[in-house]
Amino acid sequence: MSKNYRLITTDGRAKRGALETVHGTVQTPCFMNVATVGAIKGAVSTDDLHCIDTQVVLSNTYHLHVRTGDELIKRYGGLHKFMNWDGPILTDSGGFQVFSLATLRHIKEEGVTFRSHIDGHKIFMGPEESMQIQSNLGSTIAMAFDECPSSRADRDYVEKSVARTERWLVRCKTKMAELNSLPDTVNPHQMLFGINQGAVFEDIRIKNADAISKLDLDGYAVGGLAVGETHEEMYHILDETVPHLPQEKPTYLMGVGTPENILEGVRRGIDFFDCVYPSRNGRHGHAYTHHGKMNLLNARYELDHRPIEEGCNCPACRSYSRAYIHHLLKAKEMLGMRLLVLHNLNFYNHMMTEIRSAIEAHDYDAFADEFIAKMKAGEDI
RNA sequence: GGGUGGUUUCCCGAGUGGCCAAAGGGGACAGACUGUAAAUCUGCUGCAUCUUGCUUCGAUGGUUCGAAUCCAUCACCACCCA
């Protein structure tokens, strides 16, 4: 397995690292931009992604499997070629869909039977199937196939689920090694990240973290957070769990989150994040700024000549006013959504740049506290 | 000039004697969304001293215990015949 992660410096528990991949080096902490079906929703192109300094794109195994099909993408030459993105791509395993498509599935030891949300046909996905699909896609980093239990699941269920996810992880590792050694593999250097689970039960989390750490994977994710528990519970679980994951490997907090969640995650030793918020909220009219979040659909912006945020270098702020974007959103013109998605992703990507500088300067705690306070104050917007 | 149909709360539009402050859309206003079944979903939209009271359904007058709903007159709109 790879020795590709380099820890550049630390500040408290915060890590400043670099992950070498066949598709380039990722500077961490890093926010991955979510492109579930091979595109960032909101008509964002890969050219756009270069303009807003995106490092890593995240795509989804289940969604690409049911449409358009991973075998077809493999025949095309892999996902990188297909979507014309030569930077790193992380593929989620479909594990989250085990959780979010709960009404359409049935879980067993071998894997999960889904009903396709597209046409209702039956699909079976287990660790081997998920690894096969991710290998066909040829992503840079594959995620282990896991179950993400609900934050309301009882202790007994979570214990059994985590034990099964642990057994699935061993099967993922075996299958990936096999796939990477095949002659026609799209990306023979595909990496594998394992996933820690355990809902809000810290002892289950710690036991699981210790166990999966021994598997010497390329990286380790904390999954199953931000699914209904409080922020305090989430931060507490990170406090207790992250120290039990290998520090010399990249860590990834899956599906998180708000700018504040990310700042707190970095403080607790997380390298990678991803979240639908900047793109989805952009489509829904929300813009992130250093002074808080604003809803551009609100009438108060109808004659506001200012850009979303003064000094922002994104395509929206460089050329357009709040008033014009408000109008575009009201008129349901796609450009309105597109500009907000670009602004928000640019905001997140650049927040990560600021975070890396603060860790390098060994001033992270003060930086994070001030960043969060400023966003909460919501002044001048 | 004659005939017929119509005028409902921001707009369209249902309602033909009490359960109507008035269905349903749209718009407006606000909120939610955390490994995206999400350009989606939710709330709200006469006034007030808001678990109750008041004023609304073109205008005025009438019938009735009770009218957006029935009658009369007037105003305006649409179409048809001259």
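Since the model is a prediction, treat every value here as computed from it, not as a measurement.

Engineer: Looking at this structure, how should I read the protein's contact with RNA strand B?
Structural biologist: The immediate surroundings of RNA strand B are formed by 43 residues, with C148, M254, S279, R283 and K330 found nearest. Atoms of RNA strand B within 4 Å of the protein: sugar and phosphate make up 46%, bases the balance. In this structure, N60 approaches RNA strand B through a side-chain N or O atom, which is 3.1 Å from a phosphate oxygen. One nitrogen or oxygen atom from the side chain of R283 is found 2.2 Å from a phosphate oxygen belonging to RNA strand B. Looking at the surface near RNA strand B, the elements that each hand over two or more residues are strand 5 (57–60), helix 5 (95–100), helix 11 (277–283) and helix 14 (334–360). Considering each element in turn, the surface near RNA strand B owes the most residues, five residues, to helix 11. A class-by-class count of the residues in the surface near RNA strand B yields 16 nonpolar, 20 polar and seven charged.

Engineer: Before we go on, may I ask you to explain helix 15 (residues 364–377) in this structure?
Structural biologist: Working note: α-helix, 3.6 residues per turn, so residues spaced by three or four point in the same direction. End to end, helix 15 covers 20 Å across 14 residues, agreeing with the expected 20 Å (1.5 Å per residue, within 8%). Every buried residue of helix 15 is accounted for by Y364, F367, A368, F371, I372 and M375. The arc that holds every buried residue of helix 15, seen down its axis, measures 125°, which confines them to one face. In helix 15, the exposed positions that point more than 90 degrees away from the buried face belong to E370 and K376.

Engineer: Just to check I follow, could you spell out the layout of surface pockets for this structure?
Structural biologist: Put simply, the largest pocket is a space of about 950 Å³. If you go around the largest pocket, you meet 42 residues; those closest to its centre are F96, G255, D274, V276 and R280. In terms of residue class, the lining of the largest pocket is made up of 19 nonpolar, 16 polar and seven charged. Approximately 210 Å³ is the volume attributed to the second largest pocket. Contributing to the lining of the second largest pocket are H231, T258, P259, E260, Y277, Y288, G292, K293, I372, M375 and K376. Those elements giving two or more residues to the lining of the second largest pocket turn out to be helix 10 (259–267), strand 16 (292–295) and helix 15. Looking at which element gives the most residues to the lining of the second largest pocket, the answer is helix 15, with three residues.

Engineer: Please clarify how the packing of aromatic side chains should be interpreted in this entry.
Structural biologist: The relation between two aromatic rings is expressed through the spacing of the ring centres and the mutual angle of the planes. The tally for this structure, following the rule as stated, stands at 13 aromatic pairs. Ring centres of Y364 and F367 lie 6.0 Å apart, and the angle between their planes is 45°; on these two criteria the pair is classed as tilted. Of this pair, Y364 and F367 both sit in helix 15, three residues apart, which is roughly one turn of the helix. Classification of F367 by relative accessible area gives buried; the value is 16%. Following the ring pairs from residue to residue traces out a cluster consisting of F31, Y288, F347, Y348, Y364, F367 and F371.

Engineer: Would you explain the sheet that holds strand 4 (residues 30–34) in this entry?
Structural biologist: Two strands in a sheet stick together by hydrogen bonds in their backbones, pointing the same way (parallel) or opposite ways (antiparallel). The eight strands are arranged 4-5-6-10-11-12-13-14 in a closed barrel whose pairing can be described as parallel. Averaged over all pairs of adjacent strands, the angle between strand axes in this sheet comes to 30°, irrespective of strand direction. Packing of helix 8 (residues 202–213) onto the sheet brings it into contact with strand 11 (191–196) and strand 12 (219–222), and relative to strand 11 it is tilted by some 160°.

Engineer: Explanation requested: the sheet that holds strand 3 (residues 24–28) in the structure shown.
Structural biologist: The strand order across the open sheet formed by three strands is 1-2-3, and the pairing between neighbours is antiparallel. Each edge of the open sheet is held by one strand with a lone partner, namely strand 1 (5–11) and strand 3. Taken pair by pair, the neighbouring strands of this sheet meet at an average axis angle of 10°, ignoring direction. Relative to strand 3, strand 2 (residues 14–21) is paired through five bridges, and the arrangement is antiparallel. Pairing of G17 across the sheet is with T28, part of strand 3.

Engineer: I keep staring at a nonpolar patch on the surface and nothing clicks. Help me out?
Structural biologist: A contiguous nonpolar surface patch, about 270 Å² in accessible area, is contributed by L72, Y76 and F82. Inspection of the secondary structure assignment puts F82 in helix 4 (residues 79–83). Since its relative accessible area comes to 37%, F82 is described here as partly exposed.

Engineer: When you look at the pattern of salt bridges in this model, what are you seeing that I'm missing?
Structural biologist: Think of it this way: side chains of opposite charge can pair up when their charged atoms draw near. Within this structure, the stated rule accounts for 21 salt bridges. Notably, a salt bridge pairs E128 with R171, separated by 2.9 Å at the nearest N-O pair. Within this pair, whereas E128 is found in helix 6 (residues 127–137), its partner R171 is found in helix 7 (residues 155–180), the two being separated by 43 residues in sequence. With relative accessibility at 25%, the residue E128 sits in the partly exposed group. Measuring nitrogen to oxygen at the nearest pair gives 2.7 Å for the salt bridge that ties D365 to R267. Within this pair, whereas D365 is found in helix 15, its partner R267 is found in helix 10, the two being separated by 98 residues in sequence. Take R267: its relative accessible area is 17%, and that puts it in the buried class. Put simply, D239, E264, R267, R268, D365 and D369 are held in one network by salt bridges that share partners.

Cut-offs used in this document
- Residues numbered from 1 in each chain as written.
- Chains lettered and ligands numbered in written order.
- Predicted model: local features only at pLDDT ≥ 70, side-chain atom pairs only at ≥ 80, totals over all residues.
- Heavy atoms only, no water.
- Near = heavy atom within 4 Å.
- Polar contact = N/O pair within 3.5 Å; in protein donor to acceptor, adjacent residues only side chain to side chain.
- Helix = DSSP H or I, 4+ residues; strand = E, 2+ residues; numbered from the N terminus.
- Nonpolar A, V, L, I, M, F, W, Y, C, P; charged D, E, K, R; others polar.
- Expected span 1.5 Å × (residues − 1).
- Buried < 20%, exposed > 50% of the residue type's maximum accessible area, 1.4 Å probe, protein only.
- Arc of directions from axis to C-beta.
- 1 Å grid on protein atoms, 1.4 Å probe; cavity = no way out; pocket = protein on both sides within 12 Å on 5 of 7 lines; lining within 4 Å.
- Points joined across faces, edges and corners; volume = space filled by probe spheres on them.
- Phe/Tyr/Trp six-rings, centres within 6.5 Å; stacked < 30°, edge-to-face > 60°.
- Pairing = 2+ DSSP bridges.
- Axes fitted to C-alpha atoms, helices over the stretch in contact; angles between N-to-C directions.
- Contact = heavy atoms within 4.5 Å.
- Patch = residues over 30% accessible without salt bridge, like charges linked within 9 Å, V, L, I, M, F, W, Y side chains within 5 Å.
- Areas by Shrake-Rupley, 256 points an atom, 1.4 Å probe, with all protein chains shown as cover.
- Salt bridge = Lys/Arg side-chain N within 4 Å of Asp/Glu carboxyl O.

Distances and angles like these do not, on their own, reveal function.
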